[in-house]
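Survey of secondary and tertiary structure
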Amino acid sequence: MAEAADFPGTSPSPARRWLRRTGALLAGAPLLAGLFQMPAAAPAEAADAGSVSVALDSLTPSAPTDGDTVTVTGTVTNTGKQAVSGAHVGLQLGSPLTTRSAIQDAAKNSTDTLAAPGSEVGGKYVAKFSKLTPGVAEHFSISVPVDKLDLGDDGVYPFAVSLSGETSAQPWDHVLGIRRTFLPWQPEEADTKTKTTFLWPLISTVHMTVETGSNEQQTPVFLNDDLAKEISAGGRLEQMLSLGKDLDVTWVIDPDLLASIDAMTGSYRIRSADGTTTTAGTHQAVAKQFLDELQSAVAEKDVVALPFADPDLASLAHNGTSVTGSLNHLNEATDVAATTVETILHVTPSTDFAWPVDGAVDPSIVKVATSAGADKVIARSDSLEETGGLSYTPSAARPIGGGTTAVVADARLSTAFQGDLTKASGATLAVQAFLAQSLSLNLQTDDQRSIVVAPQRMPSARQAQAMATALAALQGGNWSESQGLTAAAKAKPDPGATTRVPSASAYPSALRKQELPRWAFEQIARTQTGLDSFKVVLTDQSRVVTPFGRAMNREMSTSWRGRASAAASFRAGVESYLDDITGQVRLIDKSDTKLSGRSATIPVTVQNNLVQGVDHLVLRLTSTSPTRLQIGGHDYYEQPIAVSGGHSQTVKFTTSAKANGQATVIAQLYTQDGQPYGTAVTFDVKVTEFTATVMLVIGGGFLLLVLAGFRMYTQRKRAAAREAQEDGPDEAGDPTDGPENPEDPSDRLKKEPGTDTRADDPEQPSDPTPDTAAESADPSGTGERVDR
């Protein structure tokens, strides 16, 4: 173009063309140099980017209004290999984010140096460092009046703290590290405020064993001393209580936790690590103080009681419903929930809410959740997802059929505090993200909505602190107002919100892997069967039924998720303990017996090492060879049994021998409905109806009788002959005729020693022996003390 413009229609001279070409080359030299230098500069740029870590430890106030001063504190750490010179920390503010998705995306890229939100506030609102040495952290604090931030309309503003400086590789000022967050801006009261329900869960893991002491109070035994740590100053549950009592929240409580803490107010014991011994618990005062403060905190508040021990509804729905009796445990856990809370906290809780893990639902979970009487299911929006293309977040309450309401918690708000918040920077980012999502939700529409926040079941102490900080800012802000869960469930449903429960195939696989397996419910069913057989023989069933019933509720607890081995160990312990106490009522082993004669009695002893009496038992003695030996005239014979606690009873059975030989006898306890109880005792009886010894004794006795009679006869003959010789013949000529003279000593029979056979004389060795034993066949009393 330059060439043609010189002289139209003419060509430039060769010299002029040379000069122009040379000038063009010189003018393009810097551009070419830049092109050749770019590949060399790129590695240095990549090496420096993000070489400084920026931590945002606090941002106050979290949601500023007119007249406030925003203060930001934190630390910057040079994580690179080169020193940074001329460094300064500045604040950056961007344009408002208009959607909740944009806020979520920005939170995921909080350290991206290439995604700076906007220009730096600058001026005096910076923190300067002459040098940042590698590996050294430097603290900073910047305060800036809100009016210097040039905030405009209500909304969520991207807000960042960045570190800029120079390195030897790039000796010019550029961003080396950044931390992005959000600044919610709602300086005036919103025309329409969101009604926000925040669930405050007071839930823990299983702490009590099934074991109780033999004393009247049934001293409980705890798995460990962890619960005392949780409720002591600084503990997780103590933090939940101390923070929650100053907030407008809905308390969601596991009655098992209350029962466990209440048990600690009295005498209790702690099982040793090896499980062989126990030691006395010493935290009674801590437990009493915790319950006193909790009673005050929940007074006049919305309280929801979960079924006892917070049963895992999804595990039950997917793996337990086909096992007989599993749903009965859920019904029992629901029935006892209200009574437990009322007794300990003196408030009447709502018991018509079910809360599946993470709010994940499918048709089977909803069916199980409502089977015990609950008509409201706390779901979550990442499970019951919106499919109607709404441009806003609808209210929580949704009718899902069958008279059941799904109370759908907002997933973004509910999961805001699930990360690692052990560092202050993590907690600050969580708080700001939560408030940003809440404000953005309120700005979606002018229609008022009811939103529910259902955080994780067991927040850590640091997570609880972050939750409390965010909630305090929300309740003190201008776009939200508090509401209880009961009111949220009754709010008018949004007609455009989805009401379709997702299918079973949509249930998260990660959650399904953590469920209790089917064999766990089968083990619980075995324990219940054993308990049913045991309790019918007890005079005080409550001492066993109550602790075992609550233990089986604990076996189904949601808290076992992710702890499969601990769950299996607990179930095995419950089953083993039932076997142990059932075995305290037993038959004493019996050695083989010899039976001489046609009949005899066989004693069998029942021992009761329980502290309470047993009744409604039957002892059956059975002969396996009735043609040789019969019991009570039959193949078997039964007698009722009642034994006092700590005693034994011996029962005697009459037997009759039919033939010589050996017969096996089985002793077995039965319940009154005919079910075997305990282990049978088997022993042999050797029957010898007439043994050689018996025949010898009988023969010897008979011979002695004959000899004694013959002697008596000869003595009488001799005495009569002497009398006749001395007296002479009588009047009739017969020496033996004539009346006896009573005064004549010769008329009396003279007795020789050994000839007196009166019945009251002592029995002689020659007397015959009886066929049966001389002992009574009546059962002994129940007062025979067990020898220990």
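Residues numbered from 1 in each chain as written. Predicted model: local features only at pLDDT ≥ 70, side-chain atom pairs only at ≥ 80, totals over all residues. Heavy atoms only, no water.

It is worth spelling out the overall build of the protein chain at this point. Check the secondary structure of the protein chain and you find 19 helices and 30 strands. Considering only residue pairs separated by 6 or more positions, the protein chain has 77% of its internal contacts joining residues 24 or more positions apart. Looking at the protein chain as shown, the accessible area adds up to about 38,600 Å², and 52% of this sits on carbon and sulfur atoms. (Helix = DSSP H or I, 4+ residues; strand = E, 2+ residues; numbered from the N terminus. Contact = heavy atoms within 4.5 Å. Areas by Shrake-Rupley, 256 points an atom, 1.4 Å probe, with all protein chains shown as cover.)

Bringing the environment of Arg554 into the picture now. Within the element layout of this structure, Arg554 appears in helix α17 (residues 542–555). Distance from Arg554 to Asp312, taken between C-alpha atoms, is 9.9 Å for residues 242 residues apart in sequence. Arg554 has contacts with Val206, Met208, Thr209, Asp256, Phe308, Ala309, Trp560 and Phe570, leaving out every residue within four places of it along the chain.

With an omega dihedral of -10°, the bond running from Thr60 to Pro61 counts as a cis peptide bond. Of note, Pro61 is situated in the loop between β1 (52–60) and β2 (69–78). Positive phi, normally seen in glycine, also occurs at Asp150, with a value near 55°. Relative to the helices and strands, Asp150 is located in the loop between β5 (137–145) and β6 (155–166). Positive phi outside glycine occurs at His346, with the angle close to 60°. Inspection of the secondary structure assignment puts His346 in the loop between α9 (326–345) and β15 (353–354). We classify His346 as exposed; its relative accessible area is 57%. (Buried < 20%, exposed > 50% of the residue type's maximum accessible area, 1.4 Å probe, protein only.)

Let's shift gears to the environment of Thr593. Within the secondary structure layout, Thr593 lies in strand β22 (residues 593–596). With relative accessibility at 25%, the residue Thr593 sits in the partly exposed group. Once the C-alpha coordinates of Thr593 and Ala663 are considered, the two residues, 70 residues apart in sequence, prove to be 9.9 Å apart. Each residue touching Thr593, except ones within four places of it in the same chain, is listed here: Phe683, Asp684, Val685 and Lys686.

Right, let's talk about the sheet that holds β15 for a bit. The 4 strands lie next to each other as β15-β16-β18-β17, forming an open sheet whose pairing is mixed. Here the strands that pair on one side only, and so sit at the sheet edges, are β15 and β17 (397–399). The sheet contact formed by β15 and strand β16 (residues 376–380) spans 2 bridges and is parallel. Directly across from Ala354, in β16, lies its bridge partner Val377. (Pairing = 2+ DSSP bridges.)

Another point: helix α13 (residues 461–475). Because each turn of an α-helix spans 3.6 residues, side chains separated by three or four positions end up pointing in the same direction. For α13, built from 15 residues, the straight-helix expectation of 21 Å at 1.5 Å per residue is met to within 8% by its first-to-last C-alpha distance of 21 Å. Three or more residues of α13 are buried, namely Ala461, Gln463, Ala464, Ala466, Met467, Ala468, Ala470, Leu471, Ala473 and Leu474. For α13, the secondary structure elements touched by its buried residues are β8 (194–202), α5 (236–244), α12 (424–442) and β20 (480–482). (Expected span 1.5 Å × (residues − 1).)

With that out of the way, let us pick up the packing of α9 against α17. Where α9 meets α17, the axes come as close as 10 Å, and the angle between the chain directions of the two elements is 110°. The angle between α9 and α17 places the two elements in the roughly perpendicular class. α9 and α17 meet at a crossing whose hand is left-handed. Between α9 and α17, the contacting residues are His329, Glu332, Ala333 and Val336 on the first element and Arg550, Met552 and Asn553 on the second. (Axes fitted to C-alpha atoms, helices over the stretch in contact; angles between N-to-C directions. Parallel < 35°, antiparallel > 145°, perpendicular 65-115°, else oblique. Left-handed = near helix turned anticlockwise from the far one by under 90°.)

In this section: a nonpolar patch on the surface. A contiguous nonpolar patch, built from Leu703, Leu704 and Leu707 and spanning about 300 Å² of accessible area, is present on the exposed surface. If you trace the backbone, Leu704 turns up in helix α19 (residues 692–727). (Patch = residues over 30% accessible without salt bridge, like charges linked within 9 Å, V, L, I, M, F, W, Y side chains within 5 Å. Salt bridge = Lys/Arg side-chain N within 4 Å of Asp/Glu carboxyl O.)

A ring pair, where both rings are aromatic, is described by two values, the distance of the centres and the angle of the planes. Taken as a whole, this structure holds 8 aromatic pairs when the rule is applied. A network of ring pairs unites the aromatic residues Phe198, Trp200, Phe417 and Phe434 as a single cluster. One cation-aromatic arrangement involves Arg550 over Phe308; the distance from NZ or CZ to the ring centre is 5.6 Å. Taking NZ or CZ as reference, Lys590 lies 5.7 Å from the ring centre of Phe683, over its face. (Phe/Tyr/Trp six-rings, centres within 6.5 Å; stacked < 30°, edge-to-face > 60°. Lys NZ or Arg CZ within 6 Å of the ring centre and 35° of its normal.)

The next point concerns the confidence of the model for the protein chain. Per-residue confidence for the protein chain averages 86 on the pLDDT scale, and 83% of its residues sit at or above 70. Across residues 1–47 the pLDDT falls below 50, and counting only partners more than four positions away or on other chains, this stretch makes 12 contacts in the model. (pLDDT = per-residue confidence, 0-100.)

Moving on, we come to the sheet that holds strand β26 (residues 636–643). One open sheet accounts for 5 strands, arranged β22-β29-β28-β24-β26; its pairing is mixed. Here the strands that pair on one side only, and so sit at the sheet edges, are β22 and β26. When the angles between neighbouring strand axes are averaged without regard to direction, this sheet yields 30°. Both strand β28 (residues 661–671) and strand β29 (residues 676–688) contribute to a ladder of 9 bridges, which runs antiparallel. Bridge pairing in β29 links Tyr670 to Pro676.

This next bit is on the packing of α12 against α13. At a minimum axis distance of 9 Å, the contact between α12 and α13 shows a crossing angle of 35°. Our pair here, α12 against α13, has a crossing hand that is right-handed. Contacts from Ala424, Ala427, Val431, Phe434, Leu435 and Ser438 in α12 reach Arg462, Ala466, Thr469, Ala470, Ala473 and Leu474 in α13. For the contact of α12 with α13, the class distribution of residues is 9 nonpolar, 2 polar and 1 charged. (Nonpolar A, V, L, I, M, F, W, Y, C, P; charged D, E, K, R; others polar.)

The next point concerns the nonpolar core. Ranked by size, the top nonpolar core spans 76 residues in total, and within it Phe534, Phe548, Leu619 and Leu621 carry the most contacts. Once residues within four sequence positions are removed from consideration, Leu621 is found in contact with Ile602, Val604, Ile631, Asp635, Tyr636, Tyr637, Phe653, Val665, Ile666, Ala667 and Phe683. Among the nonpolar cores identified, the runner-up in size contains 64 residues, and Met208, Ile231, Val431 and Ala436 belong to it. (Core = buried A, V, L, I, M, F, W, Y, C linked by side-chain atoms within 4.5 Å.)

Here the focus is the pairing of β2. Summarising the sheet, β1 and β2 pair through 8 bridges and their orientation is antiparallel. Bridge pairing in β2 places Leu56 opposite Gly74. Note that β2 and β5 share 9 bridges and pair antiparallel. Looking at the pairing, Val70 lines up with Val144 of β5.

What follows deals with the pattern of salt bridges. Between side chains of opposite charge, a pair can form as their charged atoms come close. One pass over the structure, following the stated rule, counts 16 salt bridges. Residue Arg457 is joined to Asp310 by a salt bridge in which the shortest nitrogen-to-oxygen separation is 2.7 Å. Taken together, the positions of Arg457 in the loop between β19 (450–453) and α13 and Asp310 in the loop between β14 (303–305) and α8 (313–320) put the pair 147 residues apart, joining distant regions of the chain. Classification of Arg457 as buried rests on a relative accessible area of 11%. Among the ionic pairs, Asp382 bridges to Arg380, the shortest N-O distance being 2.9 Å. Linked through salt bridges whose partners overlap, the residues forming this network are Asp312, Glu515 and Arg561.

What follows deals with the side chain of Gln523. When you line up the elements, Gln523 lands in helix α16 (residues 518–535). Looking at Gln523, the relative accessible area reads 9%, which means it is buried. There is a polar contact of 3.1 Å between the side chain of Gln523 and the side chain of Arg571. Discounting residues that sit within four places of it in the chain, Gln523 has contacts with Arg571, Ala572 and Glu575. (Polar contact = N/O pair within 3.5 Å; in protein donor to acceptor, adjacent residues only side chain to side chain.)

With that out of the way, let us pick up the environment of Val453. Within the secondary structure, Val453 is located in strand β19. Val453 sits in the buried class, given a relative accessible area of 1%. Considered as a pair, Val453 and Ser414 are 39 residues apart in the sequence and their alpha carbons are 5.0 Å apart. Sequence-distant contacts of Val453, that is, excluding residues within four places in its chain, are made with Thr196, Thr197, Phe198, Leu199, Leu413, Ser414 and Phe434.

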